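Working through the structure, step by step
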Amino acid sequence: MSSIDDARRLVAEASSIAVLTGAGISAESGIPTFRGAGGMWGNFRAEDLATTEAFARDPKFVWEWYQSRRVEIARCEPNAGHRALVAIEEQADEFTLITQNVDGLHDRAGSKRVLKIHGDIWMTRCLGCGYQRINRDLEMELPPKCGECSGMVRPGVVWFGETLPRIVWEEAERAVNRCDLLLVVGTSAQVYPAAGLIDLARHVGASVLEVNLDATAYSNAVDCSVRGKAAEVLPLLVA
Ligand code: BJW
Ligand code: ZN
């Protein structure tokens, strides 16, 4: 564990900052995490439902899970942690926010340079013709059908076994390659290749600062690990 003073110094001294966020940053907004205490959406594990196999088996069931999450997310607001990252972006010479979250709360808080490496729960994509669009309909019939070709429509997110959107992922790697600080917030760092960005940062000699309620597999390997709620700790890091 490290002190808030160490963490503040790392942020103040960095000129190129990359941030990797996970579900923990949205916990204070009322959105459940996937794993750990308070984890799981209802009785469901991401490993069971966030797969192409689960969708092929029962698209209606998987869609009902996503729609219940969309309804819940629509009721939530960005919190002080999301807003602190907006302030850090405004102060940094160079800044990239890489998020594993699909909830869109970084956008709603006002972050500008956001890379959504696991997609966006408000996007849908047709499996027939590939047509993608923003779709905020909370009352559509499930599973939805494509307006262009009547094909099966899926959530615009990245499931286990699928590759990440290539251009977005390459941007994320570039940002970490040139950063001097990687700030890792509210992720269990168990899902790859996202967690590999922490290894990449260490490999290129950047400092790594972790903010998490609990210890993770990376806590002992990073330069500074602050235990606490993102919504309470991140505002303390703003100059
Ligand atoms: C707080 C807090 C508060 C709580 N304040 N903190 C290498 C090794 C092993 C396996 C693999 C590997 N490479 C690839 C794999 C397979 C797989 C994988 O990683 N599996 C592991 C589980 C073992 N990866 C993939 O399949 C990826 N694709 C891929 O690798 O493609 C190449 C390929 C293709 C084909 C074959 C082989 C390779 C894709 C991964 C996609 C992940 N998708 C999901 C669902 C997205 C859509 C949706 O939302 O439904 O993404 S799964 C889920 O986990 C979601 C999240 O983004 C992701 C990460 O979770 P996150 O954010 O870390 O949340 P939690 O809940 O785990 O942690 C919360 C943390 O917050 C905790 O630490 C708390 O303590 C903390 N916290 N409150 C601060 N208030
Ligand atoms: Zn279509």
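Residues numbered from 1 in each chain as written. Chains lettered and ligands numbered in written order. Predicted model: local features only at pLDDT ≥ 70, side-chain atom pairs only at ≥ 80, totals over all residues. Heavy atoms only, no water.

Notes on the pairing of strand S8 (residues 207-212)
Counting buried positions over the six residues of S8 gives five, a clear majority of the element. Bridging between strand S7 (residues 181-185) and S8 involves five bridges; their strand directions are parallel. Residue pairing in the sheet places leucine 182 in a bridge with valine 208 of S8. For the segment spanning S7, helix H8 (residues 196-203) and S8, crossover handedness is right-handed. With four bridges connecting them, S8 and strand S9 (residues 224-227) associate as parallel partners. From the neighbouring strand, asparagine 212 faces S9, where its bridge partner is arginine 227. (Buried < 20%, exposed > 50% of the residue type's maximum accessible area, 1.4 Å probe, protein only. Helix = DSSP H or I, 4+ residues; strand = E, 2+ residues; numbered from the N terminus. Pairing = 2+ DSSP bridges. Right-handed = clockwise from strand over helix to strand, strands pointing away.)

Describing empty space enclosed by the protein
Within this structure, the stated rule accounts for one cavity of 30 Å³ or more. Put simply, the largest cavity is a space of about 30 Å³. Contributing to the lining of the largest cavity are Thr99, Asn101, Asp103, Gly104, His106, Asp107, Val114 and Lys116. Every element with two or more residues in the lining of the largest cavity is listed here: helix H6 (105-109) and strand S3 (114-116). Of the residues belonging to the lining of the largest cavity, the class tally is one nonpolar, four polar and three charged. (1 Å grid on protein atoms, 1.4 Å probe; cavity = no way out; pocket = protein on both sides within 12 Å on 5 of 7 lines; lining within 4 Å. Points joined across faces, edges and corners; volume = space filled by probe spheres on them. Nonpolar A, V, L, I, M, F, W, Y, C, P; charged D, E, K, R; others polar.)

Quick notes on the coordination of the zinc ion (ligand 2)
Coordination of the zinc ion (ligand 2) by the protein is provided by Cys126 (SG), Cys129 (SG), Cys146 (SG) and Cys149 (SG), with metal-donor distances spanning 2.3 to 2.4 Å. Taken together, the four donor atoms surrounding the zinc ion (ligand 2) define angles of 97 to 115 degrees at the centre, an arrangement classified as tetrahedral. Read in sequence order, the donor residues for the zinc ion (ligand 2) give the motif C-x2-C-x16-C-x2-C. By relative accessible area, cysteine 149 is classed as partly exposed at 36%. (Donors = N, O, S within 2.8 Å, 3.2 Å for Na, K, Ca; no water. Tetrahedral: all angles 85-135°; square planar, octahedral: opposite > 155°, others 65-115°.)

Considering helix H7 (residues 166-178)
Here H7 is 13 residues long and its end C-alpha atoms lie 19 Å apart, about the 18 Å a rise of 1.5 Å per residue gives. Those residues of H7 not exposed but buried are Trp169, Ala172, Ala175 and Val176. Axial view of H7: buried residues confined to an arc of 120 degrees, hence all on one face. When the buried face of H7 is taken as reference, the exposed residues oriented beyond 90 degrees from it are Arg166 and Ile167. Where the residues of H7 are buried, they touch strand S1 (16-21), strand S2 (94-99), S3, S7 and H8. (Expected span 1.5 Å × (residues − 1). Arc of directions from axis to C-beta. Contact = heavy atoms within 4.5 Å.)

Quick word on the layout of surface pockets
The volume enclosed by the largest pocket comes to roughly 990 Å³. What lines the largest pocket is a set of 48 residues, among which Gly22, Ala23, Phe34, Arg35 and Ser188 lie closest to the centre. When residues of the lining of the largest pocket are traced back to their parent elements, those giving at least two are helix H4 (59-74) and S8. By residue number, the principal contributor to the lining of the largest pocket is H4, which donates three residues.

Overview of the domain arrangement of the protein
For the protein, the assigned domains are domain 1 (4-30 + 77-118 + 163-237) and domain 2 (32-75 + 120-157). For domain 1 versus domain 2, the separation of C-alpha centres amounts to 25 Å. Listed by partner, the interface residues are 13 residues for domain 1 and twelve residues for domain 2. Together domain 1 and domain 2 conceal approximately 970 Å² of surface at their shared face, both sides included; 54% is due to carbon and sulfur atoms. Viewed at the interface, domain 2 and domain 1 are joined by one salt bridge. With a shortest N-O distance of 3.2 Å, lysine 116 and aspartate 120 are connected by a salt bridge. Counting across the interface, domain 1 meets domain 2 through three residue pairs in polar contact (both at pLDDT 80 or more). Counted by class, the side of domain 1 that touches domain 2 contains four nonpolar, five polar and four charged residues. (Domains from an automatic or database assignment. Buried area = accessible area lost by both parts, 1.4 Å probe. Salt bridge = Lys/Arg side-chain N within 4 Å of Asp/Glu carboxyl O. Polar contact = N/O pair within 3.5 Å; in protein donor to acceptor, adjacent residues only side chain to side chain.)

Examining the pattern of salt bridges
The tally for this structure, following the rule as stated, stands at 13 salt bridges. In this structure, arginine 9 and aspartate 6 form a salt bridge, with 3.6 Å as the shortest nitrogen-oxygen distance. Placement of both arginine 9 and aspartate 6 in helix H1 (residues 4-13) is noted, with a separation of three residues, approximately one turn of the helix. The class for arginine 9 is partly exposed, based on a relative accessible area of 45%. Linking arginine 166 and glutamate 170 is a salt bridge whose minimum nitrogen-to-oxygen distance equals 3.3 Å. One end of the pair is arginine 166 and the other is glutamate 170, both in helix H7 and four residues apart, which spans about a single turn.

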